[in-house]
Each structure stands twice: as C-alpha cells, then as structure tokens.
Amino acid sequence: MSDDDQPQQDATPVTDPRDGDRPHENALTGPRDGDRPGEDTLKDPGPDGRSREEAVTVTGLRYAFGSSTAVDGLDLTVTSGEVFGLLGPNGAGKTTAIRCVTTLLPVPAGMVKVFGHDVTTDRMAVRRLLGYVPQQLSADAGLTGRENVALFARVFDVPRRERAARVAQALEAVGLAEVADRMAGTYSGGMVRRLELAQALISSPRLLILDEPTIGLDPIARTGVWDHIMAVRAASGMTVLVTTHYMDEADQYCDRVALMHQGRVRALGTPRRLTDDLRARRGDGTSPTLEDVFRDVAGSGLDDLDKGGEFRDVRRTRRTAARVG
Ligand SMILES: Nc1ncnc2c1ncn2[C@@H]1O[C@H](COP(=O)(O)OP(=O)(O)OP(=O)(O)O)[C@@H](O)[C@H]1O
Ligand SMILES: [Mg+2]
C-alpha cells in the first residue's frame, strides 16, 4: 500500500464476518452516564462475570509517511465492551493509527492486536472481527440505501439466503428502513453517516471503529447517529473505538478517552478523571470541561497550522465535512 491518500481503499470493507451468529460475550446495557466505569473497574469482570478481554492492544506503534512521522510510539489498550474515544487535534495521527488497527495500513514498527490477533500475521481474522466507518465517505450516491448495504453484505460473505433479511435488519437498526429504496445521493448528511453505520454493522462486528462519524452534522443528526450506535452496542455488547472533534460527544458517550498529540497519547482516562485531574492541577476552583483538557494537552497553538495540523489535514477535514453536509 502506498503512502498516498487512498480514499477508495478506505472505502473498501475490511471485515469478512462469516459468523453472524457469533455470541457476544460481554453484553453491556447502554450508556452509563454518571455510572461510568473508572479505569480500574474496566479490569473487573463484565456483567456476566467473565473477565474482559483486550479488544485492541497497541504497543509502540510507529508510522511515517516518507520523512513525516504520523504515529510516534503509540501505546493504547481498548477493553472489550467499552466505548473508547481517540481524541486529538488535526494531524495528531488518529486516522493513521486507526488504519493500522483495521489492517488498511501495515505496522512498520510496534505491535497491534485485535482480540489477541496480530494485525500483521493474522490479518483475515482481524478483518472478520471489525466494522469500520472511515473518515472519508464510503457510501455510493448512485445506489439506493438498500443496494449500498447489500453490496457490503455480498463482500462480507453474508450467506445468500440471509442477505435480504440481514440488510433490512441493518437498515432498520439505523432508522433508514423507510427510505431504504431511495438513492443515497438524496440522503441528508446524517442519513449518509447512518447508512455507513449500517454497512459497517452488516458483519455483526465485535469491534466497531468509527472515524469522525458525526463530522459536519447538525446537533440533531449527531444525536441520531450516536443513538443508533449506542442502541446496537447495548444489544450486542460490541466494543466501539471512535474518533471525534466534538468534546461534548466524547464526554457523553465515551467510557474512556485518549488524547493524542503529535503521534502519541498524552492523556488517558475517563472524561471525569481527566477533568478532575485538570481541576486539581489548576487549583483555582473552576470546573474544567473535556475541551479544556484538550486545550491543555494540545497546547495553545491549535490555530497555528504549523503546530496543530498541516494544511492537508484541514483541507481533508473540510472536504469530508462539505460532502457530509
Ligand atoms: N496519505 C498521507 N500521505 C502523507 N502524509 C499523510 C497522509 N495521511 C496523513 N498524513 C500525515 O500524517 C499526520 C497524521 O495524519 P492523520 O490523518 O492520521 O491525523 P488525524 O489525527 O486523523 O487528523 P484529523 O483530525 O485531521 O483527521 C499528519 O501530519 C498528516 O499530514
Ligand atoms: Mg483523521
């Protein structure tokens, strides 16, 4: 795979689930606002009494595009059943790291595992376990919603006899049943993102990876996307790894977040713990938000393209937002 931008490769499905009836072992029950597990409790047994596995294990990951280092010694563990947010400014290396996890990029240095399977040596096993909604849009405007999802069902090898029902089910799960036979090109931005969610869910993934699923959406559409993610997750117990620039979303929906900056994790914990830590450090009696933590980690130079992200990052983000909106 070359180092060039390859949106068409991002659009390529990366899961190949042949075991749609795979039991989900760590079913959790919905968002746990106010009752979110701390880092310690995540190591405790899940609600079913079994100990939780590591869904994603990243150790010392490095990735460079030519002479430019995008991921610089990343260490990260996502525990099964949690909603994990990967946050950070434009150009922090989030998408690059995620593409290594999905096997779309190789792992030149370090190690990445998904449910214990090494992404380098056990590529197909990894692909069977995950669903991926890329940052770049992947739905085909010239097909209906149903056709888009059916395409993924075929590629992912959903048995022919089950396909129509599974496609209908996935569309239903994201609230698109009524408009399933309309061209995707006529969908609003929120509907397109939900369609891509249905595509990623057709494989009943154990790990759902979402790269800025709500970019460019209005607040109501954003809530709509998240409602569907959380409903599917509550029903299936799947693990969710998500990136977002919306700190309110991360605060509301993520059990834990990692703040990435210049290719590395700079802060990690529950949103509550990170804001508590910043409050303690400031000691001025104010109540910081997750956005304050973000600013604290990423530094004050966020508007400075030299520091916060290169021109290409901003241009790419705007292009995606424009296509969604
Ligand atoms: N295909 C590419 N070719 C060359 N450089 C790239 C490529 N993709 C990313 N980069 C560079 O790698 C670094 C990390 O980019 P990446 O897309 O992983 O960041 P990000 O955290 O996802 O940013 P954003 O929030 O804007 O999506 C940036 O400096 C970016 O310019
Ligand atoms: Mg990105």
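Anything mentioned here points back to the structure above.
Notes on the structure follow. Note that the coordinates shown come from a computational prediction; the quantities given were computed from them, not determined experimentally.

Within the protein chain, the regular secondary structure consists of 12 helices and 10 strands. Within the protein chain, the fraction of its 325 residues that count as buried is 46%. Considering only residue pairs separated by 6 or more positions, the protein chain has 72% of its internal contacts joining residues 24 or more positions apart.

With that settled, consider the sheet that holds strand E7 (residues 207-211). Sheet architecture is open: 6 strands sit in the order E6-E7-E8-E3-E9-E10, paired in mixed fashion. Of all the strands in the sheet, the pair left with one neighbour each is strand E6 (130-133) and strand E10 (264-269). Going across the sheet, the axis of each strand differs from the next one's by a mean of 15°, ignoring polarity. Alignment of E6 against E7, held across 4 bridges, turns out to be parallel. Residue pairing in the sheet places Val-133 in a bridge with Leu-210 of E7.

Before going further, it helps to spend a moment on the packing of helix H4 (residues 145-155) against helix H6 (residues 189-201). Packing of H4 against H6 leaves a shortest axis separation of 8 Å and a crossing angle of 30°. Judged by the angle between their axes, H4 and H6 are roughly parallel. Considering the relative orientation of H4 and H6, their crossing is right-handed. Where H4 abuts H6, its residues Gly-145, Asn-148, Val-149 and Phe-152 lie against Leu-195, Ala-198 and Gln-199. Here the contact of H4 with H6 is composed, by residue class, of 4 nonpolar, 3 polar and no charged.

On to unusual backbone geometry, then. Of note in this structure, Asp-157 is not a glycine but carries a positive phi near 70°. Owing to 15 C-beta atoms within 10 Å, Asp-157 belongs among the partly exposed residues under this scheme. Of note, the phi angle at Ser-204 is positive, near 45°, even though the residue is not glycine. By the secondary structure assignment, Ser-204 is in the loop between H6 and E7.

Of the positions making up helix H10 (residues 290-298), those classed as buried are Leu-290, Val-293, Phe-294 and Ala-298. Here the buried residues of H10 occupy an arc of 115° about the axis, which is enough to place them on one side. Positive backbone phi, at 85°, marks Gly-299, one or two positions downstream of H10.

On the secondary structure map, Pro-106 appears in the loop between helix H2 (94-101) and strand E4 (109-114). On a C-alpha basis, the gap between Pro-106 and Val-119 in space is 8.3 Å, while along the polypeptide they are 13 residues apart.

Let us look at the pairing of E7. Regular strands show a simple pattern: their side chains alternate between the two faces of the sheet. Counting buried positions along E7 yields 5 of 5 residues, so the element is predominantly enclosed. Residues of E7 alternate between two faces, with Leu-207, Ile-209 and Asp-211 on one and Leu-208 and Leu-210 on the opposite face, all of them buried. Relative to strand E8 (residues 239-243), E7 runs parallel, the two being bridged by 5 bridges. Counted as the bridge partner of Asp-211 is Thr-243 from E8. With helix H7 (residues 219-236) bridging E7 and its parallel neighbour E8, the resulting β-α-β unit is right-handed.

The rules behind each value
Residues numbered from 1 in each chain as written. Chains lettered and ligands numbered in written order. Predicted model: local features only at pLDDT ≥ 70, side-chain atom pairs only at ≥ 80, totals over all residues. Helix = DSSP H or I, 4+ residues; strand = E, 2+ residues; numbered from the N terminus. Buried ≥ 20, exposed ≤ 12 C-beta atoms within 10 Å, placed from the backbone. Contact = placed C-beta atoms within 7 Å. Pairing = 2+ DSSP bridges. Axes fitted to C-alpha atoms, helices over the stretch in contact; angles between N-to-C directions. Parallel < 35°, antiparallel > 145°, perpendicular 65-115°, else oblique. Left-handed = near helix turned anticlockwise from the far one by under 90°. Nonpolar A, V, L, I, M, F, W, Y, C, P; charged D, E, K, R; others polar. Arc of directions from axis to C-beta. Right-handed = clockwise from strand over helix to strand, strands pointing away.

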